[in-house]
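Take a look at the letters that make up each chain.
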Amino acid sequence: AQSVTQLGSHVSVSEGALVLLRCNYSSSVPPYLFWYVQYPNQGLQLLLKYTSAATLVKGINGFEAEFKKSETSFHLTKPSAHMSDAAEYFCAVSEKGNTPLVFGKGTRLSVIA
Amino acid sequence: ETGVTQTPRHLVMGMTNKKSLKCEQHLGHNAMYWYKQSAKKPLELMFVYNFKEQTENNSVPSRFSPECPNSSHLFLHLHTLQPEDSALYLCASSQDRQGDSGNTIYFGEGSWLTVV
């Protein structure tokens, strides 16, 4: 069965600094991988997803993630943090022909002025 | 606006009450989901419906009763809940059942439920 681990429940960065949110997955077959963002009092919104095309995936709001099979990782990055990036970020994995989408526990990103 | 609308946004109910959460999607999707989000816990999938048929029930207690009258509407009927059921309940939809082709799941804004 697939699973996902997000390292760090809380990450704090300065405005303008690099954002790096870590996600490692476990899957017995090539996975589909997702990053979602949740702003306060809102539902989850898709940031980006990997579905076996290009390994470097670009998403909304300047975020990108790279699928590394050898490291079973799908870390989320953004070159320069903005105050509006403060939110909860969830990594998720699914396998072709299998449900459900399995979510990590989430990483709360704080951006300091 | 994600195309998935949930009502009510906030609900407070007693343990003996019966209430319902409603979800409507305007995306023409075939699959709909209920998720539970509690503090310090991963998102928990509760139910999956595909073409109005329930395809997954993740050992959810019978005090939660889903209903899917058509592909656009999903309800979660609540009765004799416990305080530990207080959480954010998220409805979601996808074009087809998630996992079949990496379909994106679109979430509503959630219904905050407090059981007193």
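Above this text you will find the structure in question.
Rules and cut-offs
Residues numbered from 1 in each chain as written. Chains lettered and ligands numbered in written order. Predicted model: local features only at pLDDT ≥ 70, side-chain atom pairs only at ≥ 80, totals over all residues. Heavy atoms only, no water. Disulfide = S-S within 2.5 Å. Helix = DSSP H or I, 4+ residues; strand = E, 2+ residues; numbered from the N terminus. Buried < 20%, exposed > 50% of the residue type's maximum accessible area, 1.4 Å probe, protein only. Phe/Tyr/Trp six-rings, centres within 6.5 Å; stacked < 30°, edge-to-face > 60°. Pairing = 2+ DSSP bridges. Axes fitted to C-alpha atoms, helices over the stretch in contact; angles between N-to-C directions. Contact = heavy atoms within 4.5 Å. Buried area = accessible area lost by both parts, 1.4 Å probe. Salt bridge = Lys/Arg side-chain N within 4 Å of Asp/Glu carboxyl O. Polar contact = N/O pair within 3.5 Å; in protein donor to acceptor, adjacent residues only side chain to side chain.

## Notes on the state of the cysteines
Next, step 1: Per the counting criterion, the structure on display carries two disulfides over all chains.
Next, step 2: With its sulfur 1.9 Å from that of its partner, Cys23(A) forms a disulfide with Cys91(A). Its S-S torsion of about -65° marks the bond between Cys23(A) and Cys91(A) as left-handed, since a negative value means left-handed. Remark: Cys91(A) occurs in strand S9 (residues 87-95) and Cys23(A) occurs in strand S3 (residues 19-26); sequence separation between them is 68 residues.
Next, step 3: Bridging Cys23(B) to Cys91(B), the disulfide has an S-S length of 1.9 Å. Between Cys23(B) and Cys91(B) the disulfide shows an S-S torsion of about -75°. By sign, it is left-handed. Separated by 68 residues along the polypeptide, Cys23(B) in strand S3 (residues 18-25) and Cys91(B) in strand S9 (residues 87-94) bring together distant segments of the chain.
Next, step 4: We classify Cys23(B) as buried; its relative accessible area is 0%.
Next, step 5: Among the residues examined, Cys91(B) registers a relative accessible area of 0% and is labelled buried.

## Observations concerning the packing of aromatic side chains
Next, step 1: What the rule picks out here adds up to twelve aromatic pairs over all chains.
Next, step 2: Here Phe63(A) and Tyr89(A) contribute two aromatic rings whose centre-to-centre distance is 5.5 Å and whose plane-to-plane angle is 45°, an arrangement assigned as tilted. On the criterion of sequence distance, the pair formed by Phe63(A) in the loop between strand S6 (56-58) and strand S7 (64-68) and Tyr89(A) in strand S9 is long-range, its members being 26 residues apart. Of the two residues, Phe63(A) and Tyr89(A), neither departs from the other in class, the shared state being buried.
Next, step 3: On the numbers, 5.4 Å between centres and 50° between planes, the contact of Tyr35(B) with Phe107(B) is tilted.

## Overview of the sheet that holds strand S1 (residues 4-7) of chain B
Residue and element names in this part refer to chain B.
Next, step 1: Strand order in this open sheet of four strands is S1-S3-S8-S7, and the pairing throughout is antiparallel. In this open sheet, the two edge strands, each paired with only one partner strand, are S1 and strand S7 (64-70). This sheet shows a mean twist of 20° between the axes of neighbouring strands, independent of strand direction.
Next, step 2: By the bridge criterion, seven bridges tie S3 to strand S8 (residues 73-79) in an arrangement that is antiparallel. When the sheet's bridge partners are listed, Lys22 is paired in S8 with Phe75.

## Description of the interface of chain A and chain B
Next, step 1: If you look at the interface, chain A gives 23 residues, while chain B gives 22 residues.
Next, step 2: Taking both partners together, chain A and chain B bury about 1800 Å²; carbon and sulfur atoms supply 53% of that area.
Next, step 3: Across the contact surface, chain A and chain B share zero salt bridges.
Next, step 4: Linking chain A to chain B there are four residue pairs in polar contact (both at pLDDT 80 or more).
Next, step 5: Of all the secondary-structure elements, those providing two or more residues to the side of chain A that touches chain B are strand S4 (31-38), strand S5 (44-50) and S9 of chain A.

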